[in-house]
Structures are given as structure tokens and as C-alpha cells.
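Now for the letters of each chain:
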Amino acid sequence: LRPRGRMLFCFIKIMRQEISAGGIVYKKGEGGLKIAFILDPFRKWTFAKGHLEPGETPEEAAIREVGEEIGLKKLKIIAPLGTMNFWFKDRWQNKGEAVHKTVHYFLMRAPRDAKARPQKAEKIRQVRWVPLDKATAFCGYKNVLSVLRKAVIILGGRIKNQELRIKKNKKS
């Protein structure tokens, strides 16, 4: 038992816990609702998020981080979308360190005339407004689809995934 205990201790020592918050932003535009996606440093379309600062709530961090990363002001939280947990290996600071990340997501509304600008300092390459009915197909990460689907349901959109429609009908 001792060697196992030591190995576990070593693993815990190189693990880091991170808490972030972000949002799925929508606005009303010509042709209906649109969702804001960012093109991240790995060239995948996803949603803005970032770390909580000391004393900050997830809601406050989400508004601040999303506002900074996509250059929007006057964002309003409409609903919580839940949390996501995942593991990854740090590629930037402590290369190879195991990180357990929890991300709190919120549905946010932007003003109709909102013009997004990517935050180049955070390696955000582009911001694109995508029609609601194309959002799930546009998303670059499978693990973010669950919160995106919740946002689409709240906004009243249709999702092509039949299983999700069945789950929604059971709740009614």
C-alpha cells in the first residue's frame, strides 16, 4: 500500500485546479438570433471564458471575461447554463501539468447593434456571429455542445439532434 500512496501523492502534487466562467452571447439581428463564437488559439470555434479574479463571482467573471475577449459592453446575463468539468495538460505555463478545470457558463444578451472585436492579446483570432439554427454544427468542441444546446432550447431554437428533442418533450 505504501508505494501506491506515494504515487497518488505525487500525482496530486502536480495537479492544478482552475475555475473559470464564460458565456454564450446572442443578439437579435437581421434574419433572427445570432450566437457569438470566438476562434481560439487552436483554430477551433468556441465561447469566451476566463479565470475568476479574487473575490469575483462566476457571474461577474463571465461578464468581464466575455466582454474583454469579444469586445462587447452592456452584456446581460439571461440564464445560467450549468458547469463543465474537464482535464487537460497545460501547454503554456507549466508544460505537462495536469489541470482540472471547472467552467461556469451563462447565456448572455448583447445589444442589437453590438460589434464584436477579438482580443488579440489573448490569441483570439476572430469573432463570428452565427445564426442560431447553425450554431450546434459550427461549434468546434464536443464538450461545449451540452451548454450550447441548453442555450438553443432557452432561445426557442430547433436542434437537429432527435434525442435532445425527445428529452425536451418529456419535461413538458
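Quick caveat: nothing in here was measured; it's all calculated off a predicted structure.

### So, the pairing of strand β2 (residues 32-39)
Thought 1: Inspection of the sheet shows strand β1 (residues 15-29) paired to β2 by 4 bridges, in the antiparallel sense. Along β2, the bridge assignment pairs glycine 29 with glycine 32.
Thought 2: Hairpin connection, β1 to β2: the antiparallel pair is bridged by 2 residues, and glycine 31 has positive phi, about 85°.
Thought 3: Relative to strand β7 (residues 126-131), β2 runs antiparallel, the two being bridged by 6 bridges. By the bridge assignment for β7, isoleucine 38 is matched with valine 127.

### Looking at helix α2 (residues 58-70)
Helical geometry: 3.6 residues make up each α-helical turn, so side chains three or four residues apart lie on a common side.
Thought 1: The terminal C-alpha atoms of α2, which comprises 13 residues, lie 18 Å apart, in line with the 18 Å expected from a rise of 1.5 Å per residue.
Thought 2: Where α2 is concerned, the buried positions are Ala61, Ala62, Arg64, Glu65, Val66, Gly67, Glu69 and Ile70.
Thought 3: Packing partners of the buried residues in α2 comprise β1, β2, β4 (49-51), β6 (98-109) and β7.
Thought 4: With its phi angle positive at about 70°, glycine 71 sits one or two positions after the end of α2.

### Notes on a positive patch on the surface
Thought 1: Taken together, the side chains of Lys28, Lys76, Arg109 and Arg112 define a basic patch exposed on the protein surface.
Thought 2: With respect to the helices, strands and loops of the structure, lysine 28 is situated in strand β1.

### Focus: the pairing of β6
Thought 1: Burial within β6 is extensive, with 10 of its 12 residues counted as buried.
Thought 2: Of the strand pairs in this sheet, β1 and β6 are connected by 12 bridges, and their pairing is parallel. Residue glycine 22 lies in a different strand from β6, and its bridge partner there is tyrosine 105.

### A short note on the nonpolar core
Thought 1: Within the largest apolar cluster, 23 residues are counted, with the highest numbers of intra-cluster contacts made by Ile24, Ile35, Phe37, Phe47, Tyr105 and Leu148.
Thought 2: When residues of this core are traced back to their parent elements, those giving at least two are β1, β2, β5 (76-89), β6 and α4 (145-154).
Thought 3: Per element, the largest residue contribution to this core is 5 residues, and it comes from α4.
Thought 4: Contact partners of phenylalanine 37, with chain neighbours within four places excluded, come to Trp45, Thr46, Phe47, Gln126, Val127, Arg128, Val130, Ala135, Phe138, Cys139 and Leu148.
Thought 5: The next biggest cluster of nonpolar side chains, apart from the first, holds 18 residues, and it includes Ala62, Val66, Met108 and Ile124.

What counts and how
- Residues numbered from 1 in each chain as written.
- Predicted model: local features only at pLDDT ≥ 70, side-chain atom pairs only at ≥ 80, totals over all residues.
- Heavy atoms only, no water.
- Pairing = 2+ DSSP bridges.
- Helix = DSSP H or I, 4+ residues; strand = E, 2+ residues; numbered from the N terminus.
- Expected span 1.5 Å × (residues − 1).
- Buried < 20%, exposed > 50% of the residue type's maximum accessible area, 1.4 Å probe, protein only.
- Contact = heavy atoms within 4.5 Å.
- Patch = residues over 30% accessible without salt bridge, like charges linked within 9 Å, V, L, I, M, F, W, Y side chains within 5 Å.
- Areas by Shrake-Rupley, 256 points an atom, 1.4 Å probe, with all protein chains shown as cover.
- Salt bridge = Lys/Arg side-chain N within 4 Å of Asp/Glu carboxyl O.
- Lys, Arg positive; Asp, Glu negative; His and termini not counted.
- Charge placed at Lys NZ, Arg CZ, Asp CG, Glu CD.
- Core = buried A, V, L, I, M, F, W, Y, C linked by side-chain atoms within 4.5 Å.

None of the figures reported here should be taken as evidence of function without further support.
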